[in-house]
Amino acid sequence: MRARTTLGATVVVAIALVAAGFLVVALLRDNLYGRAELTAEVSARSIAGQLASGTAPAAVTLPDDDEAAQILDATGRVVAASDDLEGLGAIGDFAPAPDPVAAETTEEADDDDEDRTDDDDDDDGDEPDDTETPSDEQGSASGAVGSSVAYETVTVDGEDAPYRFAATTATAPDGTAYTVYSGASLETQEEAVRSVADTMWLALPVLLAVVAVTTWLVTRRALRPVGAIQKELISITGGDLSRRVPVPASRDEIHSLAVTTNTTLAALDHAVAQQRRFVADASHELRSPLAILRSQIEIARDHPQLLDLDATLADVIRLQDLAADLLLLARLDAGERPPHAEVPFTELVREEVARRSASDRVPVRLEVEEDLAVFGVRGHLARAVGNLLANAQRHAATAVTVTLAAEDGEWLHLDVGDDGNGVPAGERRRIFDRFVRLDESRSRDEGGAGLGLAIVQDVVLAHRGMVWVLESPEGGALFRMALRRAGRRPPRADAEAGDGPDD
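Reading the values: the criteria
- Residues numbered from 1 in each chain as written.
- Predicted model: local features only at pLDDT ≥ 70, side-chain atom pairs only at ≥ 80, totals over all residues.
- Heavy atoms only, no water.
- UniProt positions renumbered as here; feature names shortened; annotations may be inferred.
- Pairing = 2+ DSSP bridges.
- Helix = DSSP H or I, 4+ residues; strand = E, 2+ residues; numbered from the N terminus.
- Axes fitted to C-alpha atoms, helices over the stretch in contact; angles between N-to-C directions.
- Contact = heavy atoms within 4.5 Å.
- Patch = residues over 30% accessible without salt bridge, like charges linked within 9 Å, V, L, I, M, F, W, Y side chains within 5 Å.
- Areas by Shrake-Rupley, 256 points an atom, 1.4 Å probe, with all protein chains shown as cover.
- Salt bridge = Lys/Arg side-chain N within 4 Å of Asp/Glu carboxyl O.
- Lys, Arg positive; Asp, Glu negative; His and termini not counted.
- Charge placed at Lys NZ, Arg CZ, Asp CG, Glu CD.
- Parallel < 35°, antiparallel > 145°, perpendicular 65-115°, else oblique.
- Left-handed = near helix turned anticlockwise from the far one by under 90°.
- Nonpolar A, V, L, I, M, F, W, Y, C, P; charged D, E, K, R; others polar.
- Core = buried A, V, L, I, M, F, W, Y, C linked by side-chain atoms within 4.5 Å.
- Buried < 20%, exposed > 50% of the residue type's maximum accessible area, 1.4 Å probe, protein only.
- Domains from an automatic or database assignment.

The protein is annotated in an unreviewed UniProt entry as histidine kinase from Glycomyces terrestris. Listed in UniProt under the heading Catalytic activity (unreviewed entry), the comment for the protein reads: "ATP + protein L-histidine = ADP + protein N-phospho-L-histidine." The UniProt entry for the protein carries the following text under Subcellular location (unreviewed entry): "Cell membrane".

(A) Representation of the sheet that holds strand S11 (residues 411–418). Taken in spatial order, the five strands make up an open sheet running S8-S10-S11-S13-S12, and their pairing is mixed. Two strands bound the open sheet, and with one partner strand each, they are strand S8 (364–368) and strand S12 (466–471). Averaged over all neighbouring strand pairs, the angle between strand axes comes to 15°, with direction disregarded. In the packing of helix H9 (residues 452–462) onto the sheet, the strands contacted are S12 and strand S13 (477–484), and the crossing angle to S13 comes to about 25°.

(B) Representation of a positive patch on the surface in the model. A cluster of basic residues, Arg2, Arg220, Arg221 and Arg224, forms a positive patch on the protein surface. Top contributing element to the positive patch by residue count: helix H4 (residues 187–237), with three residues. With respect to the helices and strands, Arg224 occurs in helix H4.

(C) Summary view of the UniProt feature "transmembrane region" (unreviewed entry) in the protein. Following the UniProt record, the feature "transmembrane region" (unreviewed entry) maps to residues 6–28 here. Taken as a whole, residues 6–28 contains 100% helix and 0% strand, while its terminal C-alpha atoms sit 32 Å from one another.

(D) Up close: the packing of helix H6 (residues 309–333) against H9. Running from N to C, H6 and H9 cross one another at 30°; their axes reach a closest spacing of 10 Å. By the angle between their directions, the pair H6 and H9 is classed as roughly parallel. Judged by the twist between their axes, the crossing of H6 over H9 is left-handed. Between H6, through Asp325, Leu328, Leu329, Leu332 and Asp333, and H9, the contact on the second element is made entirely by Ala454, Ile455, Asp458 and Val459. Taken together, the residues that form the contact of H6 with H9 break down as six nonpolar, no polar and three charged.

(E) Examining a nonpolar patch on the surface more closely. Among the surface-exposed residues, Leu7, Val11 and Ile15 lie close enough to one another that they form a single nonpolar patch of about 300 Å² accessible area. As for its placement among the helices and strands, Leu7 is situated in helix H1 (residues 2–52).

(F) Examining the side chain of Glu352 more closely. Relative to the assigned elements, Glu352 resides in helix H7 (residues 345–359). Every residue in contact with Glu352, bar those within four places of it in the chain, is listed here: Ala382, Val385, Gly386 and Leu389.

(G) Representation of the nonpolar core within the structure. Membership of the largest hydrophobic core comes to 47 residues, with the highest contact counts inside it found for Phe345, Val402, Leu414 and Met481. For this core, the element with the most residues is helix H8 (residues 378–395), which contributes seven residues. Both domains that furnish three or more residues to this core are identified here as domain 2 (239–337) and domain 3 (338–484).

Below, the structure is given as structure tokens:
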């Protein structure tokens with residue numbers, strides 16, 4: 001991951017730097033060439049202005065050093081040139097055409113001069129001679145400089161660097177048209193652009209190396225907690241689920257990953273510990289009746305007359321019930337969810353009470369609301385109700401009270417109470433754990449294996465309900481089971497809602 005991150009960051013930065021370099025060089029070239037173009041234009045207009053003012057081409061001041069200039073007449077013949085262009089032909093033919101307005105203005109100026117000359121001839125000669133001076137000045141000012149300028153880059157023979165030429169036109173006072181070419185050397189500009197480009201190309205590998213090293217170091221530092229987490233997980237895989245991965249101080253995704261991993265490990269540790277206790281307790285509970293059965297069978301083999309068939313049958317039934325309870329809990333733990341259907345809960349409670357009342361010594365008083373139904377598995381619900389009744393009859397002194405009623409039109413409550421010793425407040429949550437028996441029910445002759453209430457809780461939770469313990473009005477324990485009534489909300493919505501009634 002570090003290599004991929006470093007390579008990706010380096011490639012992205014390289015592309016960005018190359019694109020930025022090309023942009024900088026292009027902008028620099030455009031700026032420098034624009035300045036050379038402006039210099040050439042200013043020089044060309046200066047020369048054209050001299051020609052328009054009446055200066056002869058040979059007397060025009062031409063630029064030198066890094067600039068070059070040519071003056072061509074109307075026939076394209078070079079009439080004046082700077083030292084760099086001396087002896088060369090016309091530098092090009094890209095000059096704009098002379099302005100027609102300027103030509104007309106020159107002709108009108110000439111006509112005005114002729115008119116003024118005729119008027120002077122008609123005068124009586126009394127005017128001073130200096131009146132002709134303004135006429136001469138007007139004639140000299142009648143030249144024009146072309147309004148258009150054309151540009152082109154030209155390589156001059158004998159020169160290493162090209163020139164950026166500006167071309168314009170000029171009309172002398174006598175009407176002679178000239179074409180002016182003035183250029184600025186691009187040698188300095190080319191050297192500047194080349195120097196910047198070379199510097200960028202030389203700096204690019206260094207910058208990329210810095211980016212790669214920095215990315216590698218930053219990524220290694222960022223992933224260091226991941227390595228520590230991985231190392232700890234390898235150790236935990238060896239079997240010690242009590243260990244936890246280190247949590248980095250930074251509040252980032254790796255911190256969240258470490259916290260989540262520790263939460264998962266804690267849940268896994270709890271589940272494994274619970275499973276181990278379950279296996280140990282189940283082995284203990286199964287070993288006792290099996291040992292008793294073995295002893296009875298061995299005695300019966302040697303002394304058949306001593307065989308107590310009723311006791312043996314009771315032990316077999318108890319062993320069968322224990323095996324059934326363990327199987328049901330294993331299925332619930334595995335997430336087995338048989339198909340749910342609408343169950344007439346009032347009828348189910350009546351059947352379980354009738355079955356218990358016919359065989360047990362403690363009577364059951366029943367108060368139920370008719371036509372109450374739930375959505376679930378009938379066999380599991382019957383097992384839960386039967387376990388509550390068996391637990392109440394085991395601890396009751398004289399009677400058990402069963403009440404079934406609807407609450408708020410959406411939930412129903414099944415209350416199973418007794419007049420026994422009750423459940424201490426500190427034990428009310430623990431009694432739903434597996435293989436938990438309070439002190440008064442330790443005797444296997446009176447108490448069960450400690451799985452009945454655990455089955456009740458798992459079945460009720462599987463049906464999105466709740467079960468808890470209260471104090472009975474008769475002084476004993478009151479177990480309350482809350483289930484959602486059928487037809488009040490779609491089953492899938494019930495499962496997703498997962499809310500329960502108020503205590």
